[in-house]
Amino acid sequence: MAYSPQYLSGNEIREKFLNFFADRGHKILPSASLVPEDPTVLLTIAGMLPFKPIFLGQQKAEYPRATTSQKCIRTNDIENVGRTARHHTFFEMLGNFSFGDYFKEQAIAMAWELSTQVFGLPPERLVVSVFEEDDEAFAIWRDKIGIPEHRIKRMGKDDNFWESGPTGPCGPCSELYYDFHPERGDDHIDLEDDSRFIEFYNLVFMQYNQDADGNLTPLQNKNIDTGMGLERMAQILQQVPNNYETDLILPIIKTAAEIAGIDYNKADETTKISLKVIGDHIRAVVHMIADEITASNIGRGYVLRRLIRRVVRHGRLIGIEGEFTAKVAEVAIALAESAYPNVRARENSIKSELQREESQFLKTLERGEKLLAEIIEKEKKQISGVDAFTLYDTYGFPLELTQEIAEEHGLTVDVEGFEQEMEKQRDRSREAHETIDLTVQGSLDKLAEHIHSTKFVGYSELQSTGKVEVVLVEGKTVEVAEAGTEVQVILDRTPFYAESGGQIGDKGYLTGDNLVVRIEDVQKESGFFVHYGRIERGNLKVGDTVTATIDRACRRRAQANHTATHLLQAALKKIVDNSISQAGSLVAFDRLRFDFNCPRPLTPEEVQQVEDRVNTWIAEAHEADIKLMPLEEAKAKGAIAMFGEKYSAQVRVLDFPGVSMELCGGTHVRNTAEIGIFKIVSEMGISSGVRRIEAVAGPAVLDYLNVRDKVVKELSDRFKAKPEEIGDRVNSLQAELKATQKELEAVKQELAVAKSDQLLTQAETVGEFKILVSQLGNLDAKSLQAAAERLQQKLGEAAVVLGSIPEEGKVSLVAAFSSKVVKDKQLQAGKFIGRIAKICGGGGGGRPNLAQAGGRDASKLDEALDIAKQQLIEGLS
């Protein structure tokens with residue numbers, strides 16, 4: 001049989017893959033959202049992630065075989081995007097899965113048939129790898145498929161053995177590679193040679209369970225998990241040099257190039273990298289926003305914001321002025337809509353979010369770039385954590401962006417110092433995981449076969465007895481733990497609420513004969529309620545019966561805050577906008593926080609109206625009506641569901657008739673009157689289109705008022721003013737400080753103007769243009785830029801290049817070009833001054849008409865300015 005790779009579009013590859021496995025008994029399932037149900041990862045990062053509960057044995061598979069095209073996001077290799085042929089943040093993983101059905105031989109046979117007969121890959125161009133100890137797979141490839149032994153490579157555990165984590169399901173894998181250069185022969189095949197081989201299909205044979213000591217035992221039900229990178233197969237079949245030039249991404253790149261006035265095929269390598277970053281990242285952000293992720297400074301919202309801002313910056317690097325992301329996104333939407341209709345359905349939201357983020361970033365980007373240029377100019381080795389945080393907090397520069405720019409100039413960033421500054425400002429969100437831990441708590445999943453999920457009785461009981469099923473110390477199971485030990489305890493039943501739905505876990509005690517365990521937190525892991533605590537007295541043994549008692553005061557506070565959160569959402573919908581939806585929440589013992597989607601700030605009047613409405617409902621003493629009902633029935637009745645939350649077929653509905661009805665598994669008051677009082681503490685924006693209200697309810701209101709009263713008394717004493725006069729006193733001090741700062745700035749500007757005006761007579765004429773190249777002593781970077789801008793404006797159609805030595809071993813450079821210099825002579829200030837700065841051992845850049853740079857070798861400044869003058873004369877002649 002003759003084989004030849006046939007050209008297929010990305011859509012055709014996806015369709016042929018899915019249909020091939022559908023014809024062989026696999027159920028085609030839709031891609032899961034990029035917002036995973038798995039709490040251990042921030043984003044969907046692998047094709048198998050939606051099936052994790054099945055592989056762990058926590059959930060029964062609805063179908064014995066399945067196939068999917070799963071959209072994925074990974075940012076752990078973001079620095080390689082655009083620089084290598086195959087790294088991406090967004091990619092599609094084609095996969096076929098078997099849940100205890102077929103295994104190794106069938107999986108290999110189908111992979112070979114698909115690769116050679118459906119996609120037409122010549123067998124002589126395929127090389128296979130297997131785990132070095134997997135003789136079974138080796139034999140199947142050699143004897144059943146017929147691959148010569150020298151094209152089957154045994155590889156070690158790091159390359160060809162898949163593990164879910166330190167414990168849990170695992171197994172060997174086999175990978176298929178395509179050979180771009182078979183003419184190099186088979187004598188020295190090196191699968192690490194990216195210029196020759198590309199791995200396009202990975203088959204994982206999940207056949208073992210690994211315990212904490214590394215011992216492997218065969219699984220009763222063996223599973224198959226495979227992944228074929230759509231972009232990689234497109235590169236092979238479309239015969240292009242990299243994934244970016246396939247029909248999945250190239251149209252996006254060409255659109256960005258067209259906006260920048262660039263021919264991609266003729267562009268230099270640096271420009272191509274920026275275009276590839278834009279092409280890759282736009283795909284990612286389009287799908288993230290389509291899955292209702294909004295930009296913010298935490299979690300997956302931070303990932304989205306970081307990607308958008310990288311797109312904007314790389315657009316500026318290739319000369320794009322103004323907003324452009326929405327236009328490029330139109331192409332990405334058109335490319336994706338046949339496979340993912342939600343991108344077209346969410347088109348308006350995608351464009352709006354991009355425009356908001358881009359506009360917001362552009363407002364501060366120029367100022368941030370100037371500040372960063374000044375920082376780079378003064379620092380010799382490392383940008384301080386304080387400076388990196390200022391760029392992040394004031395100018396919207398993600399830390400990674402600062403690191404990226406710093407690296408371009410040979411500097412590092414004090415990340416530890418940055419983290420310390422972040423800690424001072426706010427509580428850090430949990431770090432995003434870039435790997436999948438199938439075990440969550442490896443010890444728990446190992447025990448999942450032997451114990452049942454925890455039964456929660458805390459809706460009706462505040463104290464109950466329970467049997468100790470598991471005791472963990474430092475993550476490892478023990479039979480007994482002594483006084484003074486930090487433990488994690490699982491009971492067969494518990495009244496303790498485990499953190500979920502924004503509500504934190506209960507506190508309390510486990511007690512028994514001469515036993516006291518103080519419980520400080522409860523988390524839900526894989527169906528188990530894990531009680532985190534410390535043994536204060538006695539010994540805790542597996543099998544003991546203990547009395548579990550929650551802290552009733554803490555529970556009452558949590559109930560008040562949680563119900564108040566529901567009333568708050570209802571009030572926002574009624575007073576501000578009925579389309580408002582929840583974007584996150586926190587229900588603690590001392591406060592509540594409610595994040596919601598809203599494109600504008602609330603007015604002070606609206607905030608007051610919302611607070612008043614909630615307090616009115618509290619005073620009206622509405623009774624809670626709590627029922628279990630089918631999910632669809634609850635939705636039909638108008639119950640509000642939280643986007644991204646996973647709900648079972650039967651749901652718990654909390655209804656305060658005529659006020660609020662939501663799906664909620666949290667604990668609540670039985671009557672709104674139990675809340676007592678509600679007070680909004682603050683209303684603020686946390687990202688584009690997302691607002692946050694922080695508030696207190698019930699007993700926490702008294703705590704809040706006591707703190708405020710203490711602060712007011714201290715300020716009154718310090719300012720010698722009555723409480724009602726404090727505001728005026730502060731305004732007066734601020735006005736004085738502002739006036740002083742303006743005076744200082746004016747003096748600096750006057751000095752720069754005086755020095756620069758003396759240079760006007762030194763300007764030379766070249767054709768229809770004026771050029772001025774000069775050194776201005778020890779002028780600082782900001783004043784140097786002000787001087788350059790003023791001189792260019794006074795000279796008219798001109799090119800101005802100024803240099804200075806603000807301190808020993810530091811060089812500052814500025815280029816200011818008129819619009820005609822840029823358009824008619826194709827000279828760009830950013831690129832020009834960047835080349836000149838290299839002479840002084842530095843670098844820099846900026847906009848086509850104005851740019852700054854720095855250097856470290858002041859002895860080369862005169863030479864650099866001479867060369868700048870020569871190049872301007874040549875360029876403008």
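What comes next concerns the included structure. Because the structure is predicted, anything quoted here is derived from the model rather than measured.

So, how was this worked out
Residues numbered from 1 in each chain as written. Predicted model: local features only at pLDDT ≥ 70, side-chain atom pairs only at ≥ 80, totals over all residues. Heavy atoms only, no water. Axes fitted to C-alpha atoms, helices over the stretch in contact; angles between N-to-C directions. Helix = DSSP H or I, 4+ residues; strand = E, 2+ residues; numbered from the N terminus. Contact = heavy atoms within 4.5 Å. Nonpolar A, V, L, I, M, F, W, Y, C, P; charged D, E, K, R; others polar. Salt bridge = Lys/Arg side-chain N within 4 Å of Asp/Glu carboxyl O. Buried < 20%, exposed > 50% of the residue type's maximum accessible area, 1.4 Å probe, protein only. Pairing = 2+ DSSP bridges. Patch = residues over 30% accessible without salt bridge, like charges linked within 9 Å, V, L, I, M, F, W, Y side chains within 5 Å. Areas by Shrake-Rupley, 256 points an atom, 1.4 Å probe, with all protein chains shown as cover. Lys, Arg positive; Asp, Glu negative; His and termini not counted. Charge placed at Lys NZ, Arg CZ, Asp CG, Glu CD. Core = buried A, V, L, I, M, F, W, Y, C linked by side-chain atoms within 4.5 Å. Left-handed = near helix turned anticlockwise from the far one by under 90°. Expected span 1.5 Å × (residues − 1). Arc of directions from axis to C-beta. Phe/Tyr/Trp six-rings, centres within 6.5 Å; stacked < 30°, edge-to-face > 60°.

## Overview of the packing of helix α9 (residues 299-317) against helix α14 (residues 399-408)
- The interhelical angle for the contact between α9 and α14, taken along N-to-C directions, is 35°, at an axis separation of 9 Å. Where α9 abuts α14, its residues Tyr302, Arg306, Arg310, Arg313 and His314 lie against Leu399, Glu400, Leu401, Glu404, Ile405 and Glu408.
- Classifying every residue of the contact of α9 with α14 by side-chain character gives four nonpolar, one polar and six charged.

## Quick word on the pattern of salt bridges
- Under the counting rule described, the total for this entry stands at 42 salt bridges.
- With a shortest N-O distance of 3.6 Å, Lys679 and Glu611 are connected by a salt bridge. Taken as a pair, Lys679 in strand β28 (residues 678-687) and Glu611 in helix α18 (residues 604-619) lie far apart in primary sequence, 68 residues in all.
- Glu611 sits in the buried class, given a relative accessible area of 8%.
- Salt-bridge contacts for Glu863 lead to Lys860; the nearest nitrogen and oxygen are separated by 3.8 Å.
- Here the residues in one salt-bridge network are Glu330, Glu337, Arg344, Glu347 and Lys351, joined through shared partners.

## Observations regarding the pairing of strand β16 (residues 486-491)
- Burial of β16 is extensive: five of the six residues sit out of reach of the surface.
- Both strand β13 (residues 463-473) and β16 contribute to a ladder of four bridges, which runs antiparallel. Its bridge partner being in β16, Val471 is matched across the sheet by Val489.
- Bridge count between β16 and strand β20 (residues 528-537): five bridges; the pairing is antiparallel. Pairing of Ile490 across the sheet is with Val530, part of β20.

## Looking at a negative patch on the surface
- Residues Asp158, Asp159, Asp190 and Glu192 make up a contiguous surface patch of negative charge.
- With respect to the secondary-structure elements, Asp159 resides in helix α5 (residues 157-160).

## A word on the pairing of strand β27 (residues 660-663)
- Covered by surrounding structure in β27 are Ser660 and Glu662 together with Met661 and Leu663, the residues of both alternating faces.
- Strand direction decides the pairing type here: strand β26 (residues 650-656) and β27, joined by four bridges, are antiparallel. Its bridge partner lying in β27, Phe656 is registered against Ser660.
- Taking the residues that link successive antiparallel strands as the turn, the β26-β27 hairpin has three residues, and the phi of Gly658 there is positive, at about 80°.

## Observations concerning the environment of Ala388
- Mapped onto the elements of the fold, Ala388 is located in helix α13 (residues 385-395).
- C-alpha of Ala388 to C-alpha of Pro398: the two residues are 10 residues apart in sequence and 8.7 Å apart in space.

## What to know about the nonpolar core
- Counting 111 residues, the largest nonpolar core has Phe119, Trp141, Phe200 and Tyr201 as the members making the most contacts within it.
- With near-sequence residues (within four places) excluded, Tyr201 lies in contact with Phe17, Phe21, Asn96, Ala111, Leu114, Ser115, Ser174, Glu175, Leu176, Thr226, Gly227 and Met228.
- With 30 residues, the next largest nonpolar core counts Val576, Ile580, Phe678 and Ala695 among its residues.

## Some points on the packing of helix α8 (residues 269-290) against helix α12 (residues 347-378)
- Between α8 and α12, the shortest axis-to-axis distance is 9 Å and the interhelical angle comes to 120°. For the element pair α8 and α12, the recorded crossing hand is right-handed. Of α12, the residues touching α8 (which contributes Val285, Val286, Ile289 and Ala290) are Ser349, Ile350, Glu353 and Leu354.

## Considerations on unusual backbone geometry
- Look at Lys720: it is not a glycine, yet its phi comes out positive at around 55°.
- Here Lys720 shows up in the loop between α20 (699-719) and α21 (726-757).
- Judged by relative accessible area, Lys720 falls into the exposed class, the value being 75%.
- Positioned with a positive phi, Gln826 is a non-glycine residue whose angle comes to about 55°.
- Within the secondary structure, Gln826 is located in the loop between α23 (819-825) and α24 (829-839).
- Taking relative accessible area as the criterion, Gln826 reaches 62% and is therefore assigned exposed.

## Some words on helix α1 (residues 10-22)
- The end-to-end C-alpha distance of α1 is 18 Å, a good match for the 18 Å that 13 residues give at a rise of 1.5 Å each.
- Buried residues of α1: Gly10, Ile13, Arg14, Phe17, Leu18, Phe20 and Phe21, and no others. With its buried residues spanning 160° around the axis, α1 presents them on a single face.

## Brief notes about the packing of aromatic side chains
- Tallying each qualifying case throughout the model produces 16 aromatic pairs.
- Ring geometry for Phe51 versus Phe99: centroids 5.3 Å apart, planes at 50°, classification tilted. Residue Phe51 is found in the loop between β1 (27-28) and α2 (52-55), and its partner Phe99 is found in strand β3 (residues 90-99); the two are separated by 48 residues along the sequence. Here Phe51 and Phe99 have matching classes, each one buried.
- A ring pair is formed by Phe594 and Phe596, whose centres lie 5.9 Å apart and whose planes are at 20°; its orientation type is stacked.
- Taken together, Phe17, Phe20, Phe21 and Tyr201 form an aromatic cluster joined through their ring pairs.

## Digging into the side chain of His566
- For His566, the position within the fold is in helix α17 (residues 552-575).
- Non-local contacts of His566, meaning those with residues more than four positions away in its chain, are made with Leu654, Ser660, Glu662, Cys664 and His668.

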